[in-house]
Every structure is written in C-alpha cells, then in structure tokens.
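Residue strings, one per chain:
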Amino acid sequence: MLDALTPSVARFLAKPLLHYIDGASVAGENNNLISVLNPADGQTIARVAEGGTAEIDRAATAAARAHPAWAGLPAVERAAILRRLAEALTVHQADLAQIESLNVGKSVTAAESYDIPFGIEGLRYFADYSVGAPRSAPLSARGMAAHRSFTPYGPCGFIFPWNFPFILLMWGVGPALAAGNAVVIKPSEVTPLSTLFFARLAAEVGIPPGVINVVVGDGPTAGTALAAHPAMRRMSFTGSPDAGRKVAEVCGRNLVPCKLELGGKGAAVVFDDVDIADTAAKLAAAITANTGQVCCTATRWLVHEAVYDEFVARAADSLRATKIGPGMDRGTQMGPLVNERQRDRVLGYLERGTAEGARVVLEGGRIAPADAPYGFFVAPSLLEGSDANVCCREEIFGPSAFLMRFRDEDAAIAR
C-alpha cells in the first residue's frame, strides 16, 4: 500500500523550489525550471529552479562573506546551532524519508531505517566532536618552538550524486560546518529535494545567512563553475570517474585540494566453508539495496567451485523472490532505477556483456510491475564468464552481479 504524503511534504512540493543563497530562496537568473521526476511512474513531483554560473558566483560570494564570522564563533556555539539543526531534522524524519523515497525511488522503509537517521547522526556526531577537537598541538622539535594548528579552510564546495543525496550531504557538510567552514552545495539536479528541504530547516534554526548555500544545476554548467570558483578553498566531489577527473583538473589548476569519491567494482570471495544459504541471501540483498546504485557494493562474486552450483541456485532464488515496486509501497524491497537514462545504461551493459560471451544465469531486463507499469524498473540479473567481460570490469550501477569460479585462494585474491 502506498504511503500518503505527509502535510509537510505536500506543502513543500506544491510550489516551485528555488535555490538557497545567503539565507534566502532565490530564483535562477534565467527563470528556468527543472522537472524532478518520481522514478516509480515517470511523473513530475516538483519543479526546481535551474542554476548556472551566475548563481554559483552569488552563492560562493555569500559563503566567502559569511565565513569569517562563522569560523570565529567558539566551537561550542557552532555545535549548539548544528545540534538544533539535527533536532529539527529529527522532527522531520518521516518527511525526509518520503522525499528521499519519492525522488530517488528507494524503499521508504530503507530511507526511514538507514538514510535519514544515519545522516542525522553523522551531523550530530561532528557537532559533538568539534567541541573537544584539538585546535593546536605541540611538536617535539629540538631547539625550537613548534606546533601544529588546526583552523577552518574557508568556503568549501560540494558536488553530490543522485543515489544517496541526504546521507552524503550530512556526511560531507557536517564536518565542514562543525569545523567552521561555510559551504556551497550543488546537489544532483536529478535528486535535489532532500537538500532543499534541509536548507529550509537550516534557515529556521538560525544558521547565519551565507553559511549554507544550495544551487541546483547540471554538472557541466553549475558543477564546473563551482569547482573553478576562486572563492573555494576546498572541493569535494562524489560521482563518476570521468566527471571526477574534470573536477580534479580544475582544482589542480587553482591549487585547491579536492576529495574525490568515484566509482567502484567491489568483489566478494565466497569460500567453501560458508553458510551457503545465508551468504547467498546477503549478497543478493547487497545488489538489490538501492537498486544496485551503490558505489561500494560487491558486484563481482568469486565463488569456490565446491559450493558454486548450490550458491548460484540459492542466490538466484533470493533475487527472484525480491519484491519490486514503488519505493513508497511499504512492502517494496527494491524500487526503480533513478531515471530512464540509468535504466538504459544498465540494460545496455547487460546487452554488451552477453554479446561478449557472458552466460546468463538469471535474466534481468526491463519489467513493469502491475502497480507501477510506467516506472524505470529492471529485474535483478546474474551473469557468469571471464574476467575480461565488460560486466566484470566496469561498474554497471544496477542490480546485477558477475559470477566466477575459483579453486585456489591466492588466484582468487589476485583476480
């Protein structure tokens, strides 16, 4: 049964959503709006202002102006403000879970149990930690007085992806804010809603204007402008390796350190002494969590030949039994992919993998659940074959795993 929207969420989505710059909601210079879709049915759930270079410049200027006063607050005062923000987020946990489910497509129960509470706890942790964090530490250097000092960097830029918008927001800006830095945030234009809701609450609890700024726009325009802006003193990017290289190049030219969290192709090595049923069920759950749109999940399964056949059969059974449907259905275990482009990417990889000789163990492909026939859904899939196959070597970012047999532990680890 689909959850009804909370009154707060219904009000939030009722009007076009604007950027949050210097403590105020701001329309884009060109007045363009982006349609934000519900992946479960492809319908528009919100209209959001589209920003670019001008909005990024305005936000970065506001952050630079607000930074000295925020950095100059005693740590205990900053922490108290951030705790108020964490409490406001806690009050709105149900609203945030619905927003995250509607926008990303993930199960609302997963958002309730993981994304939202863990994100809030991250903000609370860094607020608490900052109070006792060292500001200066002596160095043992014979014949001279020496010490290390820890000071805020200055305005920090954040470019976040679409797969875990709220929790990555909290884990990114939480420590930056707690340490005394002002921030400029560019969420994905695909999933900006929880970030904009967060910005509203930040204003309500008294975060000073300019300390938190949010501009929604695409990567090539808004993202590039943020990474290149001369007011930024640190950059953080989470996303694809190709986009990460571009951010690193821009930051390198400006001599601005940047943190990059890029793609992954994690492996699980399954030995012959495991509880086969339990391991198969857990790895099946790993690739269906967030519909496989997780950079650190295990999508290459190296399985000992002695248990291979039974393991594969049990994993396939677990995947077939996965309840697929809209994220807002509380019975759903796996929701849709985030958009049509991502669905095409996943299906394209499966086609390429089979064309290169992979054997289909469990066929995935496009599906249309009875209660959501127009969403961006795919079924989980399993392929097996050689290490050279594209589906073994490249990140699919969907509910799919690639299987390989092994006999010798050292050889498996090397692979």
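Since this is a predicted model, take the numbers as computed values, not measurements.

Undergrad: Any details on the sheet that holds strand β18 (residues 400-406)? Residues and values, ideally.
TA: Strand order in this open sheet of five strands is β12-β13-β18-β17-β14, and the pairing throughout is mixed. At either margin of the open sheet sits one strand with a lone partner, and together these are β12 (266-270) and β14 (359-362). Averaged over neighbouring strand pairs, the angle between their axes works out to 30 degrees when direction is ignored. Pairing of strand β13 (residues 298-304) with β18 involves five bridges; the strand directions are parallel. Looking across to β18, one finds that Arg300 is bridged to Phe402.

Undergrad: Which residues make up helix α1 (residues 7-14), and what are the values?
TA: For α1, the full list of buried residues reads Ser8, Val9, Phe12 and Leu13. For α1, the angular spread of the buried residues around the axis is 120 degrees, confining them to a single face. Of the exposed residues in α1, those oriented more than 90 degrees away from the buried face are Pro7, Arg11 and Ala14. For α1, the elements touching its buried residues are β4 (43-49), α4 (93-104) and α7 (193-204).

Undergrad: Quick rundown of the environment of Thr288? Include the residues and the values.
TA: Its place among the elements puts Thr288 in helix α10 (residues 276-288). Sequence separation of Thr288 and Ala401 is 113 residues, and the distance between their C-alpha atoms is 10.0 Å. Setting aside residues up to four positions removed in sequence, Thr288 forms contacts with Leu319, Thr322, Met334 and Pro380. There is a polar contact of 3.3 Å between the side chain of Thr288 and the backbone oxygen of Ala285.

Undergrad: Hey, could you go over the pattern of salt bridges for me, with residue numbers and the actual values?
TA: Going through the model one piece at a time under the given rule, you end up with 17 salt bridges. One salt bridge connects Lys106 with Asp115, and the closest N-O pair in it is separated by 2.5 Å. Classification of Lys106 as buried rests on a relative accessible area of 4%. The partner of Asp242 in a salt bridge is Arg245, and the shortest N-O contact between them spans 2.8 Å. On the criterion of helical spacing, the pair formed by Asp242 and Arg245 is a turn pair, its members being three residues apart in helix α9 (residues 241-254). Through salt bridges that share partners, Glu87, Glu121 and Arg124 make up one connected network.

Undergrad: Describe the packing of α4 against α7, with residues and values.
TA: Across the interface, α4 lies against α7 with an axial gap of 9 Å and an inter-helix angle of 155 degrees. Between α4 and α7, the crossing angle belongs to the class labelled roughly antiparallel. Contacts between α4 and α7 pair Asp95, Leu96, Ile99, Glu100 and Asn103 from the former with Leu193, Ser194 and Phe197 from the latter. Each residue belonging to the contact of α4 with α7 can be placed in one class, and the counts come to four nonpolar, two polar and two charged.

Cut-offs used in this document
- Here, residues in each chain are numbered from 1, in the same order as that chain's written sequence.
- Reporting of local features is limited, given that this is a predicted model, to residues whose pLDDT is at least 70; pairs of side-chain atoms are given and counted only at 80 or more, and all residues count toward the totals for whole chains, interfaces and linings.
- By convention in this description, side-chain values take in all heavy atoms of the structure and omit both hydrogens and water.
- Strand pairing is assigned whenever DSSP identifies at least 2 bridges connecting the two strands.
- Counting from the N terminus, the helices are DSSP H or I runs at least four residues long and the strands are E runs at least two residues long.
- Here, axes are lines fitted to C-alpha atoms. For helices the fit covers the stretch in contact, and angles between N-to-C directions go from 0 to 180 degrees.
- When a residue's accessible area, from a 1.4 Å probe over protein chains only, is under 20% of the maximum for its type it is buried; when over 50% it is exposed; and in between it is partly exposed.
- Comment: arc refers to directions from the helix axis out to C-beta atoms.
- Whether two residues touch is decided by their heavy atoms; if any such pair falls within 4.5 Å, the residues are in contact.
- Side-chain atoms alone can form a polar contact between residues adjacent in sequence; in general such a contact is a pair of N or O atoms within 3.5 Å, and within protein one must be able to donate a hydrogen while the other accepts it.
- The working definition used for a salt bridge is a side-chain nitrogen of Lys or Arg within 4 Å of a carboxyl oxygen of Asp or Glu.
- To sort the angles, those under 35 degrees are grouped as roughly parallel, those over 145 as roughly antiparallel, those from 65 to 115 as roughly perpendicular, and the leftovers as oblique.
- When residues are sorted by character, Ala, Val, Leu, Ile, Met, Phe, Trp, Tyr, Cys and Pro go into the nonpolar class, Asp, Glu, Lys and Arg into the charged class, and all the rest, Gly among them, into the polar class.

On their own, these measurements won't tell you what the molecule is for.
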